[in-house]
Amino acid sequence: MYRAKISGTGSYLPEKILTNFDLEKLVETNNQWIVERTGIRERHIAAPDQATSDMALIASQNALAMAGLAPADIDLIIVATTSPDYPMPSTAAVLQDKLGARSVCSFDLSAACSGFVYGTSIANQFIRTGVYKNILIVGAETLSRIINWKDRETCILFGDGAGAIILSRASDQDQSTILSEHLYADGALNHLLDIPGGGSRLPFSQKVLDENLQLVRMKGREIFKNAVRTLASCCGEALETNKLTVDEIDWVVPHQANARILEALAKLIHLPMSKMIMNVDKTANTSAATIPIALDQAVRDGRIQRGQLVMLAAFGAGLTSGSILLKF
Ligand SMILES: CC(C)(COP(=O)(O)OP(=O)(O)OC[C@H]1O[C@@H](n2cnc3c(N)ncnc32)[C@H](O)[C@@H]1OP(=O)(O)O)[C@@H](O)C(=O)NCCC(=O)NCCS
């Protein structure tokens, strides 16, 4: 078996920033309420001509540059997204073409906010078994196109952006490796966070559009409780599997849904907030993109260093969840 290492990270956030004060003009809300309940102050919004693959492309190019690789070196492309360019073809296939990559296996992965952790885990299997050497995993979302801008309970929470990593076969000298992966889904709780219309269950119709069923719906309180519980359980399981204590972990890079969820998580697992990578104040929840964006920012500003122990922890619709413990 081979080992996998993250050889490059990249991210992209669209230029336009929508602040809480801007939102005050759209729905009945206020900056103080949003900051107190979520920690979010602003979010990035894609330009009208930008779609998910456009942001994924820039994040991928940045990750490739850090890894010192060319598009032709990529053996597999996975794009985790809930807001693809089209229902068909996959955003991964669109990205493969835009990048100028070879004709390689390219697919989208639907696991909502846990998609990036799912994708990294899948990629790790291909590296370990020696099938592929360099894999591009992207989390990219244009959530601004699938949220209801009239629903103040959801529209304040989300933003657009993309993050990417290159997972490569590690050499014998590399200390980097993925130590464990734990992935879950609890479909019995699907109704807490969903987009009911626009699929085969309820195809597009005037009724779907009139009732905004093609947009995100959420039961915020229940999601909050489940997020804290499952994130803590995934982190605890990763520590137990690796016989590590929380003190031995250098960084936790969690799904950036809400600062209060992350504070509650830190408390439950006894992690000092200084070890939690958080950017939700500036990016809001970009679903599958939050973890690779936060990871890239922390790698580029020097917080995350080679050899450190890093925990990725995700939670999202489905209700999917998961953790990856890795030595960076
Ligand atoms: C959405 C969330 C911020 C709401 O916070 P909360 O403390 O649970 O608030 P509630 O839903 O109980 O609402 C409290 C009040 O604020 C109001 N309210 C809701 N959204 C508001 C907004 N944007 N601005 C002002 N008031 C708002 C509600 O209508 C309610 O008013 P009422 O008491 O008169 O009925 C919180 O539940 C949350 O963060 N949940 C997790 C969401 C998430 O992360 N989803 C993605 C997971 S991947």
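Structure's up top.
Rules and cut-offs
Residues numbered from 1 in each chain as written. Predicted model: local features only at pLDDT ≥ 70, side-chain atom pairs only at ≥ 80, totals over all residues. Heavy atoms only, no water. Helix = DSSP H or I, 4+ residues; strand = E, 2+ residues; numbered from the N terminus. Rg over C-alpha atoms; globule rule 2.2 N^0.38 Å. Buried < 20%, exposed > 50% of the residue type's maximum accessible area, 1.4 Å probe, protein only. Contact = heavy atoms within 4.5 Å. Core = buried A, V, L, I, M, F, W, Y, C linked by side-chain atoms within 4.5 Å. Domains from an automatic or database assignment. Pairing = 2+ DSSP bridges. Axes fitted to C-alpha atoms, helices over the stretch in contact; angles between N-to-C directions. Near = heavy atom within 4 Å. Polar contact = N/O pair within 3.5 Å; in protein donor to acceptor, adjacent residues only side chain to side chain. Parallel < 35°, antiparallel > 145°, perpendicular 65-115°, else oblique. Left-handed = near helix turned anticlockwise from the far one by under 90°. Nonpolar A, V, L, I, M, F, W, Y, C, P; charged D, E, K, R; others polar.

**Q** Tell me about the overall build of the chain, and please be specific about residues and values.
**A** Each helix and strand in the chain was counted, giving 11 helices and 13 strands. Taking 20 Å as the expected radius of gyration for a compact globule of 328 residues, we find that the chain reaches 19 Å, a close match to that expectation. For the chain, the C-alpha atoms occupy an extent of roughly 55 × 45 × 35 Å along the three principal directions. Within the span of the chain, comprising 328 residues, buried residues form 57% of the whole. Here the contacts in the chain between residues at least 6 apart in sequence split such that 77% fall between residues at least 24 apart.

**Q** Residues and numbers for the nonpolar core, please.
**A** Ranked by size, the top nonpolar core spans 49 residues in total, and within it Ile223, Ile249, Ile261, Ile269, Leu271, Met276 and Met311 carry the most contacts. At the level of secondary structure, the elements contributing two or more residues to this core comprise α8 (220-241), α9 (259-269) and β12 (309-316). Examining the composition of this core, we find that nine residues originate from one element, α8, more than from any other. Counting only domains with at least three residues in this core, you end up with domain 1 (4-169) and domain 2 (177-327). Contact partners of Ile261, with chain neighbours within four places excluded, come to Phe224, Ala227, Val228 and Leu231. By size, the runner-up hydrophobic cluster in this structure holds 32 residues, among which are Val117, Val253, Ile277 and Leu312.

**Q** Describe unusual backbone geometry, naming the residues involved and giving the relevant values.
**A** For residues that are not glycine, phi is negative in most cases, and the peptide bond is trans in most cases. In the segment running from Met88 into Pro89, the intervening peptide bond is cis, with an omega of 0°. Structurally, Pro89 is set in the loop between β4 (76-80) and α4 (91-99). The phi angle at His270 is positive, at roughly 60°, despite the residue not being glycine. Here His270 shows up in the loop between α9 and α10 (280-283).

**Q** Let's hear about the sheet that holds strand β13 (residues 320-327): which residues, and what values?
**A** Taken together, the four strands give an open sheet; going across it, the order is β8-β13-β12-β11, and neighbouring strands pair in mixed fashion. Both edges of this open sheet fall to β8 (177-185) and β11 (251-254), since each of them pairs with a single strand only. Adjacent strand axes in the sheet meet at a mean angle of 10°, parallel and antiparallel pairs treated alike. Note: β8 against β13, eight bridges, orientation antiparallel. Its bridge partner lying in β13, His182 is registered against Ser323. Lying over the sheet, helix α5 (residues 115-128) contacts β8, β12 and β13, oriented at roughly 130° with respect to β8.

**Q** Any details on the site of the ligand? Residues and values, ideally.
**A** The immediate surroundings of the ligand are formed by 21 residues, with Thr29, Arg37, Arg152, Arg221 and Asn258 found nearest. Measuring from an oxygen atom of the ligand, one finds a side-chain N or O atom of Arg37 at 2.7 Å. Sorting the residues of the shell around the ligand by element identifies α2 (31-38), α6 (152-155) and α8 as the ones contributing at least two each. The element contributing the most residues to the shell around the ligand is α8, with four residues.

**Q** Can you explain the packing of α8 against α9? Please cite residues and give values.
**A** It is at 9 Å that the axes of α8 and α9 come closest, and there the two elements cross at 40°. As judged from the angle between their axes, α8 and α9 are oblique. In the packing of α8 onto α9, the handedness of the crossing is right-handed. On α9, the residues touching Phe224, Ala227, Val228, Leu231, Ala232 and Cys235 of α8 are Arg260, Ile261, Ala264, Leu265, Leu268 and Ile269. The residue makeup of the contact of α8 with α9, split by class, is 11 nonpolar, no polar and one charged.

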